[in-house]
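# Residue-level structure breakdown
Given next are the chains, with one letter for each unit.
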Amino acid sequence: MATVREREWTHNGATKRGWEVRYLDPSTGKRPSKTFKLKKDADAFRRKVEREIEDGVHVAPKDSATVEAVCDLFMRDVEMRWRDGRIGQGRFRNLHVAINRHTIPFIGQHKFNEITWQIVDDWYRKLRENGLSSGTARQQLFTLGMLEDFAINLGVTKQKIINDYRKSLKGGSAVKIRTFEIGDVAKLLEALKERPTRHREKTHAMLNCVVNLALFCGLRYGEIMGLTVENVDLNNGTLKIRHSLTKWDDLKPPKTKAGIRDVPMPDHLRELMRAWMATWVSEEERGLVFRSVTGGPITGPKFHLTHWRPLLKRAGLGDDESDRLHFHALRHFAASVLVANNLPLPDVAAMLGHSKFDMTLRVYAHPLTGIEQRRTAVQGIADSLV
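Calculation criteria
- Residues numbered from 1 in each chain as written.
- Predicted model: local features only at pLDDT ≥ 70, side-chain atom pairs only at ≥ 80, totals over all residues.
- Heavy atoms only, no water.
- Helix = DSSP H or I, 4+ residues; strand = E, 2+ residues; numbered from the N terminus.
- Buried < 20%, exposed > 50% of the residue type's maximum accessible area, 1.4 Å probe, protein only.
- Contact = heavy atoms within 4.5 Å.
- Areas by Shrake-Rupley, 256 points an atom, 1.4 Å probe, with all protein chains shown as cover.
- Phe/Tyr/Trp six-rings, centres within 6.5 Å; stacked < 30°, edge-to-face > 60°.
- Salt bridge = Lys/Arg side-chain N within 4 Å of Asp/Glu carboxyl O.
- Pairing = 2+ DSSP bridges.
- Axes fitted to C-alpha atoms, helices over the stretch in contact; angles between N-to-C directions.
- Expected span 1.5 Å × (residues − 1).
- Polar contact = N/O pair within 3.5 Å; in protein donor to acceptor, adjacent residues only side chain to side chain.
- Core = buried A, V, L, I, M, F, W, Y, C linked by side-chain atoms within 4.5 Å.
- Parallel < 35°, antiparallel > 145°, perpendicular 65-115°, else oblique.
- Left-handed = near helix turned anticlockwise from the far one by under 90°.
- Nonpolar A, V, L, I, M, F, W, Y, C, P; charged D, E, K, R; others polar.

Along its length, the chain carries 16 helices and 8 strands. When the 386 residues of the chain are sorted by exposure, 41% land in the buried category. A separation threshold of at least 6 residues defines the contact pool for the chain, and within that pool the share at least 24 residues apart is 59%. Total accessible area on the chain is roughly 22,300 Å²; 51% of this is exposed by carbon and sulfur atoms.

Moving on, we get to the packing of aromatic side chains. The geometry of an aromatic ring pair comes down to the distance between the two centres and the angle between the two planes. Applying the stated criterion across every chain, the model contains 11 aromatic pairs. Plain terms: the ring middles of tyrosine 221 and phenylalanine 303 are 5.0 Å apart, the flat faces sit at 40° to each other, and that makes the pair tilted. Taken together, the residues span a long stretch of sequence, with tyrosine 221 in helix H10 (residues 221–225) and phenylalanine 303 in helix H12 (residues 300–314) at a distance of 82 residues. In terms of burial, tyrosine 221 and phenylalanine 303 fall into one category: buried.

To continue, consider the pattern of salt bridges. Oppositely charged side chains can pair when the atoms bearing their charge come close. In this structure the tally under the stated criterion is 21 salt bridges. Measuring nitrogen to oxygen at the nearest pair gives 3.9 Å for the salt bridge that ties aspartate 149 to lysine 160. Of this pair, aspartate 149 sits in helix H6 (residues 134–154) while lysine 160 sits in the loop between H6 and helix H7 (161–168), and the two are 11 residues apart along the sequence. Through salt bridges with shared partners, one network takes in Asp249, Glu284, Arg286 and Arg291.

Looking now at unusual backbone geometry. The backbone of aspartate 249 shows a phi angle near 70°, a positive value even though the residue is not glycine. Mapped onto the fold, aspartate 249 is located in the loop between strand E6 (244–245) and strand E7 (251–252). For asparagine 342, which is not glycine, the phi torsion reads 65° and is therefore positive. You can see asparagine 342 is positioned in the loop between helix H13 (329–340) and helix H14 (345–352).

Before going further, it helps to examine the sheet that holds strand E2 (residues 14–22). Within the open sheet, the 3 strands sit side by side as E1-E2-E3. Their pairing is antiparallel. Each of the sheet's edge strands pairs with one partner strand only, and the pair in question is strand E1 (3–11) and strand E3 (33–36). Neighbour-to-neighbour, the strand axes of this sheet turn through a mean angle of 40°, independent of strand direction. The sheet contacts of helix H1 (residues 39–55) involve E1, E2 and E3, and relative to E2 the element is tilted by about 25°.

It is worth spelling out H1 at this point. When the terminal C-alpha atoms of H1 are compared, their 24 Å separation across 17 residues agrees well with the 24 Å that a helix rising 1.5 Å per residue should span. All of the buried residues along H1 are Ala42, Asp43, Phe45, Val49, Glu50 and Glu52. Once H1 finishes, glycine 56 follows within two positions and takes phi at roughly 75°, a positive value.

Time to look at the environment of valine 49. Looking at the secondary structure, you find valine 49 in helix H1. Taking the C-alpha atoms as reference points, valine 49 and tyrosine 23, 26 residues apart in sequence, are found 8.3 Å from one another.

This part is about the side chain of threonine 238. By secondary structure assignment, the location of threonine 238 is in strand E5 (residues 238–241). On the accessibility criterion, threonine 238 (19% relative accessible area) is buried. Among the polar contacts made by the side chain of threonine 238, one reaches the main-chain carbonyl oxygen of asparagine 236 at a distance of 3.3 Å. Excluding residues within four positions of it along the chain, threonine 238 makes contact with Asn231, Val232, Asp233, Asp262, Val263 and Met265.

This part takes up the nonpolar core. Nonpolar side chains tend toward joint burial in soluble globular proteins. Counting 50 residues, the largest nonpolar core has Phe180, Leu188, Leu239, Met273, Phe290, Trp308 and Phe327 as the members making the most contacts within it. Elements represented by at least two residues in this core include exactly helix H8 (182–192), helix H9 (201–217), H10, E5, helix H11 (267–279), H12, H13 and H14. The dominant element in this core, judged by the number of residues it contributes, is H9, at 9 residues. What leucine 188 contacts, discounting residues up to four positions off in sequence, is Phe180, Val211, Trp308, Leu311, Leu312, Ala315, Leu317 and Leu330. If you look at the next biggest cluster of nonpolar residues, it comprises 31 residues, including Val67, Phe92, Ile119 and Val156.

A few words now on the packing of H8 against H9. At a minimum axis distance of 10 Å, the contact between H8 and H9 shows a crossing angle of 155°. Viewed along their axes, H8 and H9 adopt a mutual orientation that is roughly antiparallel. As for how H8 packs across H9, the hand of that crossing is left-handed. Only His204, Leu207, Asn208, Val211, Asn212, Leu215 and Phe216 of H9 make contact with H8, whose side of the interface consists of Val185, Leu188, Leu189 and Leu192. In terms of residue class, the contact of H8 with H9 is made up of 8 nonpolar, 3 polar and no charged.

So, in structure tokens, the structure goes:
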């Protein structure tokens, strides 16, 4: 158990008084102490220590590094993983920003094992007050949770305050992505048939392939740009998804094992890809299928600005700036169509690169039928049973 006693000492010729908390740390066998100016603070610390020792989560304050010190060790580890190729450059930079812009300036001075729920809550609220969206603030909280796991592995702390706080924020309505309806897709495909006068033939052929790859195969944009010649099997009509291209033009493996998959192509897409590869694919050391006219990467922002948005406008789908259809919505449509056409859910999940089909249903699959079609289905079920 911890004890509190009043003590007196001399420092630089001045007599000082305070209240010392001393206790036995069962994990080390040592007797650490901490001195407070006020007895009420010493008593509060004593109760905290006794509770932590009983719960088996106590680490002596003098053995605990500050948040900033743990951040420094964490980023060294992150940099090593980036240089080893275990994470991409984009991920490395995102973590660097999260740590140096949103973590150290706010809570870097605190000792890690003295982080409390209130400190984390105040930090999160400051992020929101500084203009970060709810989604971005939660991403910073996720990074802070990674930092806490790292600190636990170092033996700096034993508590999971940050990860418990993250759980308290679960729930609420996620921002819904605007999705394509069947009529929208018909307009989009119709608009693709005609090449705009200002478009080069290669540019239009690329756009046609990219849109169809997302629409019928459910590929992410990075996966499309990461396709290599050796992974496009035209004879069997199969795409071997083995990489994703980052905005830094780095080829990286999929995030999970489920992301490594083979995806079938419909016949018309196989012919589009055959024509593209026979006519437009140039030599590139990594064998990438899609590159710009100058041989560089076609970044996501550039594709959306110069190709995707003009296509939506030509299809009559891009008038509302505040509710524009995202390119990723094509992947959502692909999932919905596969489900609507009775492909088993585990197969839909596998085709999209999900390890579990509940993710596919919860996030990607959307209604495609109208009220009359649903009414017909319900009436048919009733007629067969009643």
